Amino acid sequence: MEVQISYNEFLRFLRNHANVDVSRLQIIRKSSRTLAISYDISDWVPTVTISVSVDKVTEHHLYLSYDCSAAASMIISGVVSFLQSKIPAGVKVDTSLKKVYVYLDVINGLEKVLQYVTPTDIYFDADVISVKGNIK
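Thresholds, definitions, all that
- Residues numbered from 1 in each chain as written.
- Predicted model: local features only at pLDDT ≥ 70, side-chain atom pairs only at ≥ 80, totals over all residues.
- Heavy atoms only, no water.
- Helix = DSSP H or I, 4+ residues; strand = E, 2+ residues; numbered from the N terminus.
- Rg over C-alpha atoms; globule rule 2.2 N^0.38 Å.
- Buried < 20%, exposed > 50% of the residue type's maximum accessible area, 1.4 Å probe, protein only.
- Contact = heavy atoms within 4.5 Å.
- Areas by Shrake-Rupley, 256 points an atom, 1.4 Å probe, with all protein chains shown as cover.
- Lys, Arg positive; Asp, Glu negative; His and termini not counted.
- Charge placed at Lys NZ, Arg CZ, Asp CG, Glu CD.
- Polar contact = N/O pair within 3.5 Å; in protein donor to acceptor, adjacent residues only side chain to side chain.
- Salt bridge = Lys/Arg side-chain N within 4 Å of Asp/Glu carboxyl O.
- Expected span 1.5 Å × (residues − 1).
- Arc of directions from axis to C-beta.
- Pairing = 2+ DSSP bridges.
- Axes fitted to C-alpha atoms, helices over the stretch in contact; angles between N-to-C directions.

What about the overall build of the protein chain?
Turning to step 1, where the next piece is worked out: Across its full length, the protein chain holds three helices and nine strands.
Turning to step 2, where the next piece is worked out: Counted from the first residue to the last, the protein chain has its helices and strands arranged as β-α-β-β-β-β-α-β-β-α-β-β.
Turning to step 3, where the next piece is worked out: The globule rule puts the C-alpha radius of gyration for 136 residues at 14 Å, and the 15 Å found for the protein chain is close to it.
Turning to step 4, where the next piece is worked out: Looking at the 136 residues of the protein chain, the share that counts as buried comes to 34%.
Turning to step 5, where the next piece is worked out: The long-range fraction of contacts in the protein chain, counting pairs at least 24 apart against all pairs at least 6 apart in sequence, stands at 40%.
Turning to step 6, where the next piece is worked out: When the accessible area of the protein chain is evaluated, it comes to approximately 8700 Å², of which 57% is carbon and sulfur surface.
Turning to step 7, where the next piece is worked out: Of the charged side chains in the protein chain, 14 are positive and 14 negative; the average position of the first set lies 3 Å away from that of the second.

Quick look at the environment of Ser38
Turning to step 1, where the next piece is worked out: Relative to the assigned elements, Ser38 resides in strand β3 (residues 34–39).
Turning to step 2, where the next piece is worked out: Linking Ser38 and Ile27, residues eleven residues apart in sequence, is a C-alpha distance of 6.5 Å.
Turning to step 3, where the next piece is worked out: Leaving out residues up to four positions away in the same chain, Ser38 has contacts with Arg24, Leu25, Gln26, Thr47, Val48 and Thr49.
Turning to step 4, where the next piece is worked out: Only 2.9 Å separates the side chain of Ser38 from the side chain of Thr49, close enough to count as a polar contact.

Brief notes about the pattern of salt bridges
Turning to step 1, where the next piece is worked out: The full count for this structure, using the stated rule, is six salt bridges.
Turning to step 2, where the next piece is worked out: Its salt-bridge partner being Asp121, residue Arg33 comes within 2.4 Å of it at the nearest N-O pair. Of the two residues, Arg33 is situated in the loop between β2 (25–29) and β3 and Asp121 in strand β8 (residues 117–124); the sequence distance between them amounts to 88 residues.
Turning to step 3, where the next piece is worked out: Relative accessible area serves as the criterion here: at 26%, Arg33 is assigned to the partly exposed category.
Turning to step 4, where the next piece is worked out: Judged by relative accessible area, Asp121 falls into the partly exposed class, the value being 23%.
Turning to step 5, where the next piece is worked out: Here Lys136 ties to Glu59 by a salt bridge, and the two come within 3.6 Å at their closest N and O atoms. Separated by 77 residues along the polypeptide, Lys136 in the segment after β9 (128–135) and Glu59 in the loop between β4 (48–57) and β5 (61–68) bring together distant segments of the chain.
Turning to step 6, where the next piece is worked out: Among the charged side chains, a salt-bridge network with shared partners connects Asp21, Arg24, Asp40 and Asp43.

Concerning helix α2 (residues 70–82)
Turning to step 1, where the next piece is worked out: Across its 13 residues, α2 extends 18 Å between first and last C-alpha, which sits within 8% of the 18 Å expected from 1.5 Å per residue.
Turning to step 2, where the next piece is worked out: Of all the residues in α2, the buried ones are Ala72, Ser73, Ile76 and Val80. The arc that holds every buried residue of α2, seen down its axis, measures 100°, which confines them to one face. Seen from the buried face of α2, the exposed residues on the opposite side, beyond 90 degrees, are Ala70, Met74, Ser81 and Phe82.
Turning to step 3, where the next piece is worked out: Structurally, α2 contributes buried residues whose contacts are with β4, β5 and β6 (91–94).

Topic: the sheet that holds β3
Turning to step 1, where the next piece is worked out: An order of β2-β3-β4-β5-β7-β6 is seen for the six strands of this open sheet, with the pairing classed as antiparallel. Here the strands that pair on one side only, and so sit at the sheet edges, are β2 and β6. Between one strand and the next, the sheet's axes are offset by a mean angle of 20°, whatever the strand orientation.
Turning to step 2, where the next piece is worked out: Pairing geometry for β3 and β4, over six bridges, is antiparallel. Across the sheet, the residue bridging to Tyr39 is Val48, located in β4.
Turning to step 3, where the next piece is worked out: The strands that helix α1 (residues 7–17) touches are β2 and β3; relative to β2, the one it contacts most, it runs at about 150°.
Turning to step 4, where the next piece is worked out: α2 contacts β4, β5 and β6 of the sheet and is inclined by roughly 135° relative to β5.

Structure follows, in structure tokens:
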């Protein structure tokens, strides 16, 4: 089974559910495992670019890593520290290792999906994010 979401749909989701100004956001596919995400914070702060890679997908976990400049890393560390209480249960951000651990079975709403589907892979095509899984 494969589910795809276009980058435009993903941006629309961020705008509607995370209150992100997507007009300042750009997503660029670097490889099938890595996206470069650029965000223009404001007119007086340089654009921040982060490369996010899918390291591993298991039945209940998603392991991501990110790469960015030292300045962007400091911004991310500050934002994560400041917004720690707003990070959803099931998501752990380790800014010292530049890793994001997503515990799928802990995220509200996914437990029902995981009863029927086992995720096997996430990859990036030219226009879509693809999620593969096996039906149980």
